[in-house]
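Coordinate analysis (summary)
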Amino acid sequence: MSTSGGKVACSYPVRRYIDQLAYLGVGERHTIDGFDLTGGPYPHQARLLRRAGAPDLADAVDALDLEDFERDQPFGPPTHWISDAETFDLGAQTLHTHRTPGHTRGHTVFELPESGLLFTGDHLLPRITPSLGFEHTPEDSPETSYLGSLTQFADRTGLRMLPAHGDASYPADVRARELLDHHDRRLGEIRQLAADGHRDAASIAAAMTWTRHERHLTELGTVHATTAILEVRAHLEHPVRVGSLVRDGDRPESCQVAE
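All values derive from a computational prediction rather than experimental measurement.

Some points on the packing of helix α5 (residues 142–151) against helix α6 (residues 172–195)
When two helices pack together, their arrangement is given by the angle between their axes and by how far apart the axes lie. Orientation of α5 relative to α6, taken along the N-to-C sense of each, is 150 degrees, at an axis distance of 9 Å. Taken together, the axes of α5 and α6 lie roughly antiparallel to each other. Our pair here, α5 against α6, has a crossing hand that is left-handed. Across the interface between the two elements, Glu143, Tyr146, Leu147, Leu150 and Thr151 from α5 touch Ala176, Leu179, Leu180, His183 and Leu187 from α6. When the residues that make up the contact of α5 with α6 are grouped by side-chain class, the tally is 7 nonpolar, 2 polar and 1 charged.

Pasting the structure below:
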């Protein structure tokens, strides 16, 4: 089983060669159906960057080459699309599924209730917050989805998280609340920058610092700068949806604080 489909094409030949079943969150169907590397590794992201006010970075993204492992890879649908709240009988254990869109549209968390374990993948990470919507066919507001997914576990005491990266001793509910607080602070920072006159995601990202090393946007490489600007874009789309920011009628990717 896979928690997300960011590299779904890479798992497909493995399934074929070792004759194993593949299970994938149903939300990854968008990426599978739209998977096409003829336009480069990040065609959707380049398009979003231009709309977000970063045309030069978009050109740099368009110029990126595919990694060797991405070339000539067969891809296709999994054996089974995983839906929310499915149950799998593993004999001594029962596996429950939780749909957790945000990092990707089909990200899924798996719970072993008898053991109090939660396989959180990239949804709950012990030191960082995951990138949002960085996939071949991203959704319109991954921040909205991610916040909703975090609330699923904020009050679920007694579950230990087993993340895709990092320490595996963290209580899931504690980390979910920490991430909710982090995103609330980030949303407030971005809203204030919009109020100060920074209108689009690129200018807001340039006024912020990134990573735990507090780096400026210009100090980041092409891919990391892309994720930074698209994270801001996601953080702008969410308050637009809830009404605290509004679109500039003449510039649809520009935002200002609602009156």
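Still to come is the rest of the account.
Here we look at the nonpolar core
The tendency in soluble globular proteins is for nonpolar side chains to be buried side by side. In terms of nonpolar packing, the biggest core is built from 27 residues, with Leu49, Ile204, Trp210, Leu217, Ile229, Val232 and Leu236 touching the most fellow members. Going through the elements one at a time, α3 (43–51), α4 (55–62), α6, α7 (201–206) and α8 (222–242) are the ones with two or more residues in this core. When residues of this core are assigned to their parent elements, the largest contribution, 6 residues, is made by α8. In contact with Ile229, other than residues within four places in its own chain, are Leu49, Ala52, Ala54, Leu57, Ala201, Ala202, Ala205 and Leu217.

Here is what the cut-offs are and how they apply
Residues numbered from 1 in each chain as written. Predicted model: local features only at pLDDT ≥ 70, side-chain atom pairs only at ≥ 80, totals over all residues. Heavy atoms only, no water. Axes fitted to C-alpha atoms, helices over the stretch in contact; angles between N-to-C directions. Helix = DSSP H or I, 4+ residues; strand = E, 2+ residues; numbered from the N terminus. Parallel < 35°, antiparallel > 145°, perpendicular 65-115°, else oblique. Left-handed = near helix turned anticlockwise from the far one by under 90°. Contact = heavy atoms within 4.5 Å. Nonpolar A, V, L, I, M, F, W, Y, C, P; charged D, E, K, R; others polar. Core = buried A, V, L, I, M, F, W, Y, C linked by side-chain atoms within 4.5 Å. Buried < 20%, exposed > 50% of the residue type's maximum accessible area, 1.4 Å probe, protein only.

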